[in-house]
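Okay, here's what each chain looks like letter by letter:
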Amino acid sequence: MKCPTSHIIVPDGLDRVLLHACCAPCSSAIVEWLVAHNIEPVIYYYNPNIYPLEEYEIRKQESKRHAESLGIKWIDGDYAHDQWRQAVCGLEHEPERGKRCEQCFYHRLLATARKAQELGIPWFATTLASSRWKNLDQVNAAGLRAQSFVFEHSGLLSLSDSGLPRFWAQNWRKDGLQDRRNALLKQYNFYNQRYCGCEFSFRE
Ligand code: SF4
């Protein structure tokens, strides 16, 4: 379904989504858009890639503050940084937007798909796709891979009517959301992040 005034495509029947939030600034305009279009977001904060722990805590509290200000349900994922390091093992020297980032996206979106399955939320999406620093194709491929993994391990023969979560691939930079993100960043006075998140991006 396409909203008459929007370039963002909403799948038929989608009225609730588990939204993986990478950070408060990237979530803000997307959450606003969802609420304005009668879609209930449940925010899942799962970003064990962030290093060090102090930085993780700051970004997490900003995401929580944002959700609480809007009365939106916010779920705290674990800080499993060691697991994340295992997931990107051997890719430490990859550049940003390279294979390490592909694996990082997949790790976070697989956890999101599993959480959506656990909660019975039929769709999941991510704010990762909103940043112009990220490769949109990599993000969407990771989400679809996560969707496939959950389906293939379900023992079911068809995804249709299975109730398993589907990935809502979307370009969240459309509809002026990039400008709105920048405006909300100032309005909320969000913490200004200076690197993507992991120790390797910190080094770069
Ligand atoms: S640079 Fe960013 S997206 Fe890439 S691996 Fe590090 S935290 Fe993940």
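Everything here concerns the structure above.
Here is what the cut-offs are and how they apply
Residues numbered from 1 in each chain as written. Predicted model: local features only at pLDDT ≥ 70, side-chain atom pairs only at ≥ 80, totals over all residues. Pairing = 2+ DSSP bridges. Helix = DSSP H or I, 4+ residues; strand = E, 2+ residues; numbered from the N terminus. Contact = placed C-beta atoms within 7 Å. Axes fitted to C-alpha atoms, helices over the stretch in contact; angles between N-to-C directions. Core = buried A, V, L, I, M, F, W, Y, C linked by C-beta atoms within 7 Å. Buried ≥ 20, exposed ≤ 12 C-beta atoms within 10 Å, placed from the backbone. Expected span 1.5 Å × (residues − 1). Right-handed = clockwise from strand over helix to strand, strands pointing away. Near = placed C-beta within 6 Å. Nonpolar A, V, L, I, M, F, W, Y, C, P; charged D, E, K, R; others polar.

Undergrad: With reference to specific residues and values, describe the sheet that holds strand S3 (residues 74-76).
TA: On the basis of which strands lie adjacent, the open sheet formed by five strands has the order S3-S2-S1-S4-S5 and parallel pairing. Each of the sheet's edge strands pairs with one partner strand only, and the pair in question is S3 and strand S5 (166-167). The strands touched by helix H4 (residues 99-119) within the sheet are strand S1 (16-20), strand S2 (40-45), S3 and strand S4 (123-126), with S1 carrying the most contacts at an inclination of about 150 degrees.

Undergrad: So what's going on with the nonpolar core? Residues and values would help.
TA: Among the nonpolar cores identified, the biggest contains 43 residues, and Val17, Leu19, Ile30, Phe105 and Phe124 are the most heavily contacted of them. The set of elements that each furnish at least two residues to this core consists of S1, helix H1 (24-36), S2, H4, S4 and helix H5 (136-152). Counting residues per element, this core draws most heavily on H4, at eight residues. Once you skip the residues sitting within four places of it in the chain, leucine 19 turns out to touch Ile30, Pro41, Val42, Ile43, Tyr44, Ala125 and Thr127.

Undergrad: Now, about H5: what can you tell me, with residues and values included?
TA: In an α-helix there are 3.6 residues to a turn, and that puts residues three or four apart on one side. Helix length check: H5 (17 residues) gives 24 Å between terminal C-alpha atoms against 24 Å at 1.5 Å per residue, within 8%. Residues of H5 that are buried: Gln138, Val139, Asn140, Ala142, Gly143, Ala146, Gln147 and Val150. Where the residues of H5 are buried, they touch H4, S4 and S5.

Undergrad: Talk me through the pairing of S1; I want residue IDs and the actual numbers.
TA: As a general feature of sheets, a regular strand has side chains that alternate between the two faces. With respect to burial, S1 is a largely interior element, four of its five residues being buried. Judged from the five bridges that link them, S1 and S2 form a sheet pairing that is parallel. Opposite arginine 16, over in S2, you have glutamate 40 as the bridge partner. You can see the chain leave S1, run along H1 and come back into S2, and the turn it takes is right-handed. Here three bridges tie S1 to S4, and the two strands are oriented parallel to one another. When the bridges of S4 are listed, leucine 19 appears paired with alanine 125.

Undergrad: With reference to specific residues and values, describe the pairing of S2.
TA: Note: S2 against S3, three bridges, orientation parallel. By the bridge assignment, tyrosine 44 is partnered in S3 with isoleucine 75. Between the parallel elements S2 and S3, the chain passes through helix H2 (residues 53-70) in a crossover that is right-handed.

Undergrad: Please give an account of the site of the ligand that cites residues and values.
TA: Close to the ligand lie Asn49, Glu96, Arg100, Cys101, Cys104, Cys196, Gly197, Cys198, Phe200 and Ser201. Among the secondary structure elements, those contributing two or more residues to the shell around the ligand are H4 and helix H7 (199-203). In terms of residues, the shell around the ligand owes the most to one element, H4, which gives three residues. For the shell around the ligand, the per-class residue count stands at five nonpolar, three polar and two charged.

Undergrad: Tell me about unusual backbone geometry, and please be specific about residues and values.
TA: Going from tyrosine 51 to proline 52, the amide bond is cis rather than trans, its omega being 0 degrees. Mapping proline 52 onto the fold places it in the loop between S2 and H2. With phi around 75 degrees, arginine 97 is a residue other than glycine that occupies positive phi space. Tracing the chain through its elements places arginine 97 in the loop between helix H3 (81-87) and H4. For aspartate 175, which is not a glycine, the phi torsion comes out positive at approximately 60 degrees. Among the structural elements, aspartate 175 can be located in the loop between S5 and helix H6 (177-188). What makes aspartate 175 partly exposed here is the crowd of 16 C-beta atoms within 10 Å.

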